[in-house]
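The lines below spell out each chain.
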Amino acid sequence: MTDALDTCWRLLVRGAGDRRSPVHTPVVATTGPHGRPDARIMVLRGADRATASLRFHTDVRSPKCRDLDGAPACINAYHPGEAVQLRISGVCRLDHDGDRADAAWAASTPFGLRTYLTEAAPGTALAAPASGLPANIEGRAPTPDELVPARANFVVLMVTITRIDWLHLAQAGHRRLQLCCDEARNWQGQWLVP
Ligand SMILES: Cc1cc2nc3c(=O)[nH]c(=O)nc-3n(C[C@H](O)[C@H](O)[C@H](O)COP(=O)(O)O)c2cc1C
């Protein structure tokens, strides 16, 4: 069990720090209004074993944020080189004004933060294809002054992990382990038929 847990965290920490890792862009699945399932790719920005948490950044105006605070999410990543699927269950928290959000904002590049400058919320209907950015920002990185209004749209999504389903594909026989994490961050493993 310990080896698999170590592999999970190695892949997640690497995924958060290395844009070439396939774990850098997992699928984040949530349940929307009326139980409607939805899923989208998000960049994994942080992975912390001590708190069993993952960090993502998003636009607080986006539809996914509507019901996310305190809600469950499932995150799925596949690493083809290691033939490992990570199917992660957790509970979401949105941090809009706190120190964590300020630190994440400060550590991001102006170009990366440009997306939070769209004039209308993500998902707003447009008459023609467009980025939604103010015309004077189009095609370039904004200056720090130009970015000031975008801060209100930026939010950190933290997912506290409750379970990881680790699946390793191998010719000799697949292996599957369910790893459950309690509130004291103790992990329990259960082997499953793959
Ligand atoms: C490679 C890739 C990375 C993405 N990263 C993010 C991200 O970090 N945060 C985010 O909110 N959306 C990200 N998106 C866009 C989402 O997949 C999605 O289209 C958008 O957030 C709107 O989702 P919603 O309608 O469920 O709110 C990314 C899309 C791709 C293809």
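First, a word on what this report is: a plain description of the structure on this page. The structure displayed is predicted, hence computed values, not measured ones. (Residues numbered from 1 in each chain as written. Predicted model: local features only at pLDDT ≥ 70, side-chain atom pairs only at ≥ 80, totals over all residues. Heavy atoms only, no water.)

1. Overview of helix 1 (residues 2-17)
With 16 residues, helix 1 should cover 22 Å at 1.5 Å per step; its first-to-last C-alpha distance of 23 Å lies within 8% of that length. Listing the buried residues of helix 1 in full gives Ala4, Leu5, Thr7, Cys8, Trp9, Leu11, Leu12, Gly15 and Ala16. (Helix = DSSP H or I, 4+ residues; strand = E, 2+ residues; numbered from the N terminus. Expected span 1.5 Å × (residues − 1). Buried < 20%, exposed > 50% of the residue type's maximum accessible area, 1.4 Å probe, protein only.)

2. Here's the deal with the nonpolar core
Among the nonpolar cores identified, the biggest contains 32 residues, and Trp9, Leu12, Leu54, Phe56, Leu86 and Trp187 are the most heavily contacted of them. Listed by contribution, the elements that provide at least two residues to this core are helix 1, strand 4 (53-59), strand 5 (72-79), strand 6 (84-95), strand 7 (154-168) and strand 8 (175-181). With seven residues, helix 1 is the single largest residue contributor to this core. Apart from residues no more than four positions distant in its own chain, Trp187 is found in contact with Met1, Leu5, Trp9, Ala52, Ile161, Ile164, Leu179, Cys180 and Cys181. Core analysis: the next-biggest nonpolar cluster, separate from the first, contains 13 residues, Trp105, Leu117, Leu147 and Ala150 among them. (Core = buried A, V, L, I, M, F, W, Y, C linked by side-chain atoms within 4.5 Å. Contact = heavy atoms within 4.5 Å.)

3. A word on the packing of aromatic side chains
Inspection of every chain in the model, using the stated rule, returns four aromatic pairs. Taking 5.3 Å as the distance between ring centres and 65 degrees as the angle between the ring planes, the aromatic pair formed by Trp105 and Phe154 counts as edge-to-face. One end of the pair, Trp105, is in helix 2 (residues 99-107); the other, Phe154, is in strand 7, with 49 residues separating them in the sequence. There is no split in this pair, since Trp105 and Phe154 are both buried. Judged by centre distance (5.2 Å) and plane angle (90 degrees), the rings of Tyr116 and Phe154 are edge-to-face. Taken together, the positions of Tyr116 in the loop between helix 3 (110-113) and helix 4 (144-147) and Phe154 in strand 7 put the pair 38 residues apart, joining distant regions of the chain. (Phe/Tyr/Trp six-rings, centres within 6.5 Å; stacked < 30°, edge-to-face > 60°.)

4. Brief notes about the site of the ligand
The ligand sits among Thr25, Arg40, Ile41, Met42, Val43, His57, Thr58, Ser62, Pro63 and Lys64. One nitrogen or oxygen atom from the side chain of Arg40 is found 2.8 Å from an oxygen atom belonging to the ligand. At 3.0 Å from an oxygen atom of the ligand is found a main-chain nitrogen or oxygen belonging to Val43. When isolated, the ligand has an accessible area of 620 Å², and the protein chains bury 58% of it. (Near = heavy atom within 4 Å. Polar contact = N/O pair within 3.5 Å; in protein donor to acceptor, adjacent residues only side chain to side chain. Areas by Shrake-Rupley, 256 points an atom, 1.4 Å probe, with all protein chains shown as cover.)

5. Structural notes on the pairing of strand 5
Because side chains alternate across strand 5, one face comprises the buried residues Ala73, Ile75, Ala77 and His79, and the other comprises Pro72, Cys74, Asn76 and Tyr78, none of which is buried. The pairing of strand 1 (residues 27-31) with strand 5 spans four bridges and is antiparallel. Residue pairing for strand 5: Thr30 is matched across the bridge by Ala73. Pairing geometry for strand 5 and strand 6, over eight bridges, is antiparallel. Bridge pairing links Pro72 to Val91 in strand 6. In this antiparallel pair of consecutive strands, strand 5 and strand 6, the connection spans four residues, and Ala83 shows a positive phi of 55 degrees. (Pairing = 2+ DSSP bridges.)

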